[in-house]
Amino acid sequence: VSTEAEYTFKQPAQNLFLYAKFYTEEEEQREWDINHGALPTLDLDNNRVFYGLYPQVHVKNQTLINELNSLDESYIDPRNGWYYYNDKYYTQCVATPIDDDDRVVFYDGVWIREGVTYWFECTKIEWSILQTNENEYSLIATKLLDTHIYRNTDDYKNDGLWANSDLRHWLNGEFYNQAFGLGDSAIQITEVDNSAKTMDSPDNPMAGPNTFDKLYAPSYKDITSPEIIPDSMIYADVTDYAKANYADYIWVNEEYAGHYWTRTPTNDWEKLIYIIYHDWGYTDDFMDKTYICVRPCMTIKVA
């Protein structure tokens, strides 16, 4: 009921038992780290890992919104730039939904309106386990967390593509610093294969050099190989935060399913393959499209 050194309560009409639970400072810090995604927690029965934080859930409660609106900058945690209030992290953004109609709603039923500022709770990121090697786990985000262009340039020449993409730099920069600002000790650097064998054809001339990344997008081979990413994991739901940031998606099988980038170019020198949850399966689009989501992959090592 309380973590304060002193606790005052009104005497109830019925018997009440209060138990004191004592922790060492190390135990208390570890508990906080786990609760706030600073350390990974494994759910091996359900093939999941929870690690990192990111804005995901729209705040609907008006009382809480009023309280958040009254916070000053002293509540901002410099490690991730989010507001820390009542043991939770929050942030806000001005919505830019893909459409301004009744299909663009948060999961709590609130319509998303262009130009309106909304608050979001930063919750633990859920990852699906793709491979296990002793205490190392290859992961892919279960949900589509945000949107971002693949590349912002009018020059689409092949100069490494994934290696020089805006998406790669954003994932391993701004996104990484926010999502894992509270703790990143388990994340490993992965050698990411960008050769032709990860593409739709071994003759694809758009192969690039391997990169060494903490976070990366899946390849075309990944999403078309059930032994790498099972069919049950291919399609992904979008978060409230992604919806507010121009994510495109459709309503299928009682859930919202969105588009997301792979890191793999097509033979067409100015396009990039991505995946969509409907009968089209896989398709491509220009690399500067802003409505396509991001679904990061990574490798962690758990002591």
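The notes below deal with the structure included here. (Residues numbered from 1 in each chain as written. Predicted model: local features only at pLDDT ≥ 70, side-chain atom pairs only at ≥ 80, totals over all residues. Heavy atoms only, no water.)

**Thoughts on the pairing of strand β2 (residues 48-58)**
Here is step 1: Counting buried residues along β2, 9 of its 11 residues qualify, which places the element largely inside the surrounding structure.
Here is step 2: Across 3 bridges, strand β1 (residues 41-43) lies against β2 in antiparallel orientation. Following the sheet pairing, Asp 43 is matched in β2 by Arg 48.
Here is step 3: Direction of pairing for β2 relative to strand β6 (residues 117-133): antiparallel, over a ladder of 8 bridges. Following the sheet pairing, His 58 is matched in β6 by Phe 120. (Buried < 20%, exposed > 50% of the residue type's maximum accessible area, 1.4 Å probe, protein only. Helix = DSSP H or I, 4+ residues; strand = E, 2+ residues; numbered from the N terminus. Pairing = 2+ DSSP bridges.)

**A few points about the nonpolar core**
Here is step 1: Within the largest apolar cluster, 68 residues are counted, with the highest numbers of intra-cluster contacts made by Tyr 51, Tyr 54, Trp 127, Phe 175, Phe 180, Met 298 and Ile 300.
Here is step 2: Apart from the residues lying within four places of it in its own chain, the contact partners of Met 298 are Tyr 51, Trp 127, Tyr 137, Ser 138, Leu 139, Phe 180, Ile 187, Lys 214, Leu 215 and Tyr 216.
Here is step 3: Among the nonpolar cores identified, the runner-up in size contains 9 residues, and Val 59, Leu 71, Tyr 90 and Trp 119 belong to it. (Core = buried A, V, L, I, M, F, W, Y, C linked by side-chain atoms within 4.5 Å. Contact = heavy atoms within 4.5 Å.)

**Overview of unusual backbone geometry**
Here is step 1: Even without being glycine, Asn 47 reaches a positive phi, approximately 60 degrees.
Here is step 2: You will see that Asp 87, though not glycine, has its phi angle at about 70 degrees, which is positive.
Here is step 3: Counting through the fold element by element, Asp 87 comes out in the loop between β4 (82-85) and β5 (88-94).
Here is step 4: Of the residues examined, Asp 87 reaches a relative accessible area of 42% and is grouped as partly exposed.

**Digging into empty space enclosed by the protein**
Here is step 1: Counted according to the given criterion, the structure contains 1 cavity of 30 Å³ or more.
Here is step 2: Each pocket or cavity is described by its volume, and for the largest cavity that value is around 70 Å³.
Here is step 3: Lining the largest cavity are 14 residues, with Asn 194, Met 199, Arg 263, Thr 264 and Pro 265 positioned closest to its centre.
Here is step 4: For the lining of the largest cavity, a count of residues per class yields 6 nonpolar, 6 polar and 2 charged. (1 Å grid on protein atoms, 1.4 Å probe; cavity = no way out; pocket = protein on both sides within 12 Å on 5 of 7 lines; lining within 4 Å. Points joined across faces, edges and corners; volume = space filled by probe spheres on them. Nonpolar A, V, L, I, M, F, W, Y, C, P; charged D, E, K, R; others polar.)

**Concerning the pattern of salt bridges**
Here is step 1: Counted under the stated rule, the structure contains 7 salt bridges.
Here is step 2: Salt-bridge contacts for Asp 43 lead to Arg 48; the nearest nitrogen and oxygen are separated by 2.7 Å.
Here is step 3: Residue Arg 48 is classed as partly exposed on the basis of its relative accessible area, which comes to 24%.
Here is step 4: Salt-bridge contacts for Glu 126 lead to Arg 48; the nearest nitrogen and oxygen are separated by 3.7 Å. Here Glu 126 is found in strand β6, whereas its partner Arg 48 is found in strand β2, with 78 residues between them in sequence.
Here is step 5: Counted as one network, the salt bridges with shared partners bring together Asp 43, Arg 48 and Glu 126. (Salt bridge = Lys/Arg side-chain N within 4 Å of Asp/Glu carboxyl O.)

**Quick look at the layout of surface pockets**
Unfilled space is identified by rolling a water-sized probe across the atoms.
Here is step 1: Each pocket or cavity is described by its volume, and for the largest pocket that value is around 840 Å³.
Here is step 2: The greatest single-element share of the lining of the largest pocket, amounting to 5 residues, is contributed by helix α1 (residues 25-35).
Here is step 3: Looking at the lining of the largest pocket residue by residue, the class counts come to 11 nonpolar, 4 polar and 6 charged.
Here is step 4: Estimated volume of the second largest pocket: approximately 390 Å³.
Here is step 5: In terms of lining, the second largest pocket is formed by 20 residues, of which the most central are Gln 131, Tyr 216, Asp 222, Ile 228 and Arg 263.
Here is step 6: For the lining of the second largest pocket, the secondary structure elements donating two or more residues are β6, β7 (136-141), β11 (190-192), α4 (220-224) and β20 (297-301).
Here is step 7: Ranked by residues supplied to the lining of the second largest pocket, first place goes to β11 with 3 residues.
Here is step 8: In terms of residue class, the lining of the second largest pocket is built from 8 nonpolar, 6 polar and 6 charged.

**A few points about the packing of aromatic side chains**
Here is step 1: Going through the model one piece at a time under the given rule, you end up with 19 aromatic pairs.
Here is step 2: Ring geometry for Tyr 54 versus Tyr 241: centroids 5.8 Å apart, planes at 90 degrees, classification edge-to-face. With Tyr 54 in strand β2 and Tyr 241 in helix α6 (residues 240-244), this residue pair connects regions lying 187 residues apart in the sequence.
Here is step 3: Owing to a relative accessible area of 13%, Tyr 241 belongs among the buried residues under this scheme.
Here is step 4: Ring geometry for Trp 170 versus Phe 175: centroids 5.4 Å apart, planes at 50 degrees, classification tilted.
Here is step 5: One aromatic cluster in this structure is built from Trp 32, Tyr 54, Trp 82, Tyr 84, Tyr 89, Phe 106, Tyr 118, Phe 120, Trp 170, Phe 175 and Tyr 241.
Here is step 6: Over the aromatic face of Tyr 107 sits the side chain of Lys 243, whose NZ or CZ is 3.5 Å from the ring centroid. (Phe/Tyr/Trp six-rings, centres within 6.5 Å; stacked < 30°, edge-to-face > 60°. Lys NZ or Arg CZ within 6 Å of the ring centre and 35° of its normal.)

**Brief notes about the state of the cysteines**
Here is step 1: Per the stated rule, a full pass over the model turns up 0 disulfides.
Here is step 2: Cys 93 takes part in no disulfide bond, and the closest cysteine sulfur to it belongs to Cys 122, at a distance of 11 Å.
Here is step 3: Note on Cys 93: relative accessible area 10%, which makes it buried.
Here is step 4: Of all cysteine sulfurs in the structure, the one in Cys 293 sits closest to Cys 297, which takes part in no disulfide; the separation is 14 Å.
Here is step 5: Cys 297 sits in the buried class, given a relative accessible area of 3%. (Disulfide = S-S within 2.5 Å.)

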